[in-house]
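A look at the structure
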Amino acid sequence: MSELHLVSTPSDDSERRASALVSPLRAHFDTGATKPLSWRLSQLDALEHFIMEREKDILDALHADLGKPATEAFTSEVGMALSELRLARKKLASWMKPERVRTSRIAMPGRSYVYREPYGVTLIIGAWNYPFHLVVLPLIGALAAGNCAVLKPSEVSSNVSALIAEWIPRYLDRKAVQVVEGGVPETTALLRQKWDHIFYTGNGRVGRIVMEAAAKHLTPVTLELGGKSPCIVDESADLNAAAKRIVYGKFFNAGQTCVAPDYVLVHDHVHDALINRMSSAIREFYGDDPKKSPDFARIINERHHVRLARLLDGADVVTGGEADVSDRYIAPTILKNVREEDAVMQEEIFGPILPVISVPSVDSATAFVNRHAKPLALYVFARDEDAQDQILAKTSAGGTTLNHVWLHLGVPTLPFGGVGESGMGAYHGRHSFETFSHRRSVLKKPRLPDPPLLFPPYSARKLRWIKRLL
C-alpha cells in the first residue's frame, strides 16, 4: 500500500530535473562502464559498507518513521539487505556466465547460449512500510545485473528517504546511481521519462498508473503490489503454534506488511479455541498494555490512523480496539463475527486489525478466497497433508507458507512476487538479478558447413528430412 496518488501535473522544474537526471545516466551506461563484473562487485561492496557503517542511522530513521523496534527493523530491513548482498556477491560471477542450452538439430552444427545483459537505466520506486528494504533490495538486483538506477524512496517515510538521499551518493557511483526525493509531482515527472525498466512497490491502483506510463515507451515493469492475504486454519492445525505464528506475522510492524495475514478463515470446530489462543499470544508478546510495549510499532501517519480507526466502528472486538491518534497507536486487535460485506473486508487492512471468520470446511474456505482477487500470499495451518494439498490445488497466490507466515520471503532461492492484482514479476536472490537482466539468445555457428536442406531449390525429399529433424 502507498500514499502515492499521481493525480497532479508535475511542475516545469520537476520535469526539467527528471529529464536532466536521466540523460547523463544513459550516456554513462552507453560507455559500458557498468557491465564488467569488477564494477558490479565494487558497487555491491560499497552498498554493504554503507549499510554496516550507517546501521544505527538506518535503525533510528526507521524508528522515527514507524516506531519500529530495533529487532524488527534489523531483521526485516538491514539484515535482509545484507543477506541478499552477500549472496549476490558470492554468486554473481556464475550468474553472469553465458548459459549453454541445447541446440535443435535443424540449427546444427552450432552452439546455443543465453546471455544475461543489463537493461540500461532503471527506475526503482519504493514504499513506506519497509522503506529501506523496498529500495535497497531491488537496487541490489539492478547493480548486480549491471544497470544504472534512479531511486525514488517514499516521501511518507521521510526520515528514511532523507537518509537514503544523503548517504547513497556518498558510497555508490554517482554516474550510475541517483536518488530523487519528493512527492507526487516528482514521481509523476520521473514516470514521464523513458526508462529501460521500472520496478514499483505499492498498491494496485498506482500500479496501473505506473504500467500506463511505462506502456508509452514499451518499458518492461515489475509490480510488487499487495492485497488481502488470507490465512486458512484447518481443524487439524496445531492451534498453539498457529496462534503464536499468526499473531507474530500479523502484528509485526503494526500490521503494515504487504504479506501480513489480512484475515483468518478458521474451521467452525476450532474457531473459539483459536481466538482464545491468539488473544493470549498478544498478551504474551506485548503485555497487558501493548501501548507501553517497546516491541510494538506505530502507524505511519495520521491519515492512515484515521482510516484504520474507522474500520473499528461497530466491530465485534475480541481484544484490542483502542486507538490514540496523537501517538499513532492502534492496539493489536482481533475481530469476530465479521461478514464478507463489512468494510474491513473490502480492502487491504495494512494495520493491526485481524478479522476472524468461521467456515464449515476447507472447501468453503477456498471458495471464499477464490471470490476475491489473487493475493500476494496465502497461509495454511493444517497437520492434515490432504487439506494442505487441497488448498494449494484450488487457490492461486503469489507465495504460500504452510504452518507459518511469510517466512518464504526470507528464502532467496524462492521468487517473491504477486499474481494478477497482487503484482507481476518477482525478485530476491538470483531472481533479482534475472528481473533486471535481459535474457539474450545467442546461436554460434561455424563458418562451414551449411546443411543444404535449408536452401533452395526445395524438394519433397528436403521437406521430409526437415520434418524428421524438427
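Relevant structure appears above.
Now for a description of the structure that goes with this document. Everything numeric here is computed off the predicted structure, so don't read it as measured data.

**A short note on the overall build of the protein chain**
Counting its regular elements, the protein chain contains 15 helices and 18 strands. Relative to its length of 470 residues, the protein chain is compact, with a C-alpha radius of gyration of 25 Å against a globular reference of 23 Å. When its C-alpha atoms are laid out on the principal axes, the protein chain stretches across 80 × 55 × 40 Å. In the protein chain, buried positions account for 54% of the 470 residues. For the protein chain, the proportion of contacts with a sequence separation of at least 24, taken over those separated by at least 6, is 73%. Of the accessible surface of the protein chain, which amounts to about 20,300 Å², a share of 53% is contributed by carbon and sulfur atoms. Side chains of the protein chain carry 57 positive and 54 negative charges; the gap between the two charge centres is 13 Å.

**Details of the environment of Leu453**
Looking at where Leu453 falls in the secondary structure, it is placed in the loop between β18 (437–444) and α15 (460–469). Leu453 sits 75 residues away from Leu378 along the chain, and the two C-alpha atoms are 53 Å apart.

**A few points about the pattern of salt bridges**
Oppositely charged side chains can pair when the atoms bearing their charge come close. For the structure on display, the rule yields 25 salt bridges. Its salt-bridge partner being Arg16, residue Asp13 comes within 2.3 Å of it at the nearest N-O pair. Here Asp13 pairs with Arg16, and both are found in helix α1 (residues 12–30), just three residues apart, close to one helical turn. Overall, Asp13 belongs to the partly exposed group, its relative accessible area being 40%. For Arg16, a relative accessible area of 52% gives the class exposed. One salt-bridge network, in which partners are shared between bridges, spans Asp45, Glu48, Arg86 and Arg89.

**Considering the packing of helix α9 (residues 239–251) against helix α10 (residues 271–286)**
Where α9 meets α10, the axes come as close as 8 Å, and the angle between the chain directions of the two elements is 55°. Comparing the axis directions of α9 and α10 gives the class oblique. Crossing angle aside, the handedness with which α9 passes α10 is right-handed. Residues Leu239, Asn240, Ala242, Ala243, Lys244, Ile246, Val247, Tyr248 and Phe251 of α9 touch α10, and the partners they reach there are Ala273, Leu274, Arg277, Met278, Ala281, Ile282, Glu284, Phe285 and Tyr286. Its residues assigned to classes, the contact of α9 with α10 shows 14 nonpolar, one polar and three charged.

**Some thoughts on the sheet that holds strand β6 (residues 197–201)**
Strands sit in the order β5-β4-β3-β6-β7-β17 across an open sheet of six strands; the sheet is mixed. Unpaired on one side and paired on the other, β5 (177–179) and β17 (423–424) mark the two borders of the sheet. Bridging between strand β4 (residues 148–152) and β5 involves three bridges; their strand directions are parallel. The residue of β5 that forms the bridge with Leu151 is Val179. Against the sheet, helix α6 (residues 158–171) touches β4 and β5, its axis set at about 155° to β5.

Calculation rules
- Residues numbered from 1 in each chain as written.
- Predicted model: local features only at pLDDT ≥ 70, side-chain atom pairs only at ≥ 80, totals over all residues.
- Heavy atoms only, no water.
- Helix = DSSP H or I, 4+ residues; strand = E, 2+ residues; numbered from the N terminus.
- Rg over C-alpha atoms; globule rule 2.2 N^0.38 Å.
- Buried < 20%, exposed > 50% of the residue type's maximum accessible area, 1.4 Å probe, protein only.
- Contact = heavy atoms within 4.5 Å.
- Areas by Shrake-Rupley, 256 points an atom, 1.4 Å probe, with all protein chains shown as cover.
- Lys, Arg positive; Asp, Glu negative; His and termini not counted.
- Charge placed at Lys NZ, Arg CZ, Asp CG, Glu CD.
- Salt bridge = Lys/Arg side-chain N within 4 Å of Asp/Glu carboxyl O.
- Axes fitted to C-alpha atoms, helices over the stretch in contact; angles between N-to-C directions.
- Parallel < 35°, antiparallel > 145°, perpendicular 65-115°, else oblique.
- Left-handed = near helix turned anticlockwise from the far one by under 90°.
- Nonpolar A, V, L, I, M, F, W, Y, C, P; charged D, E, K, R; others polar.
- Pairing = 2+ DSSP bridges.

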